[in-house]
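# Working through the structure, step by step
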Amino acid sequence: MNDALITVIGFVAAEPHFEVLSSGTSLMSLRIGSTPRRFDRDLGQWRDEDPMFLTVTCWRSLATNLQESDLKRGDPVIVTGRLRIREYAKDGQTRFSAQVEATTVGHDLSRGVARLQRSQRSSINLSEDRRQADDLADRWLDAKEDAEGAEELTAQVTEGSGDADETAERTEIRAVA
């Protein structure tokens, strides 16, 4: 299998959307943001670069477990999964959307504490489920992102964890390939 597997460290950028599809399969779709930080040697301080936002699709037990975990906007997360680049048309132009089909999602424990409660596995994935997941992911593309709100959330997530530069380095939100 030649899937492009990636890990992204970031934050939940919008409230996750959970639904049970007509086949009975659980699906959760969420947006995560990741803001790379670089040390500016001239200024002697860290600076944020342009944020990146990705749609994450979670299936079956992962979706159900995330629904039960009370994942919410602003939570620091680590997501690992298969990278999918989808082509779509909008306003007569061809565009591309980067998505992650998650295999694991978890809270970033460098930023807080979590408790594990074990669960049971569920059923298989169907092609109709994939179509419904793509339709759900397209909702994120149609929604107009509030740039100021995203920047404000990015600032809250990156600033809220301490005064020392050493701490800021450990708590940065960044993308990892």
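Residues numbered from 1 in each chain as written. Predicted model: local features only at pLDDT ≥ 70, side-chain atom pairs only at ≥ 80, totals over all residues. Heavy atoms only, no water.

Our next topic: the pattern of salt bridges. What the rule picks out here adds up to 11 salt bridges. As a salt-bridge pair, Arg37 and Asp48 come within 2.8 Å of each other at their nearest N and O atoms. With a gap of 11 residues between them, Arg37 in strand β4 (residues 37-40) and Asp48 in strand β5 (residues 45-48) connect regions that are remote in the sequence. One salt-bridge network, held together by shared partners, links Arg38, Asp40, Arg47 and Glu49. (Salt bridge = Lys/Arg side-chain N within 4 Å of Asp/Glu carboxyl O. Helix = DSSP H or I, 4+ residues; strand = E, 2+ residues; numbered from the N terminus.)

Turning our eyes to something else, we now look at the nonpolar core. Within the largest apolar cluster, 18 residues are counted, with the highest numbers of intra-cluster contacts made by Leu30, Ile32, Val56, Cys58 and Val79. Listed by contribution, the elements that provide at least two residues to this core are β1 (5-12), β3 (26-34), β6 (52-59), α1 (60-68), β7 (76-90) and β8 (93-107). When sequence neighbours within four positions are dropped, the list of residues in contact with Val56 reads Met28, Ser29, Leu30, Ile32, Val79, Val100 and Ala102. Counting residues in hydrophobic clusters, the runner-up holds five residues, among them Leu21, Leu27, Trp59 and Leu136. (Core = buried A, V, L, I, M, F, W, Y, C linked by side-chain atoms within 4.5 Å. Buried < 20%, exposed > 50% of the residue type's maximum accessible area, 1.4 Å probe, protein only. Contact = heavy atoms within 4.5 Å.)

Here we take up the packing of aromatic side chains. According to the stated counting rule, one finds one aromatic pair in the structure shown. Pairing Phe39 with Trp46 gives two aromatic rings, centres 5.5 Å apart and planes at 70°, and the pair type is edge-to-face. (Phe/Tyr/Trp six-rings, centres within 6.5 Å; stacked < 30°, edge-to-face > 60°.)

Taken together, the side chains of Leu83, Ile85 and Phe96 make up a nonpolar region of the molecular surface, amounting to roughly 300 Å² of accessible area. Turning to its location among the elements, Phe96 is positioned in strand β8. What makes Phe96 exposed here is its relative accessible area of 55%. (Patch = residues over 30% accessible without salt bridge, like charges linked within 9 Å, V, L, I, M, F, W, Y side chains within 5 Å. Areas by Shrake-Rupley, 256 points an atom, 1.4 Å probe, with all protein chains shown as cover.)

So, to be careful, I would describe these as geometric facts and stop short of saying anything about function.
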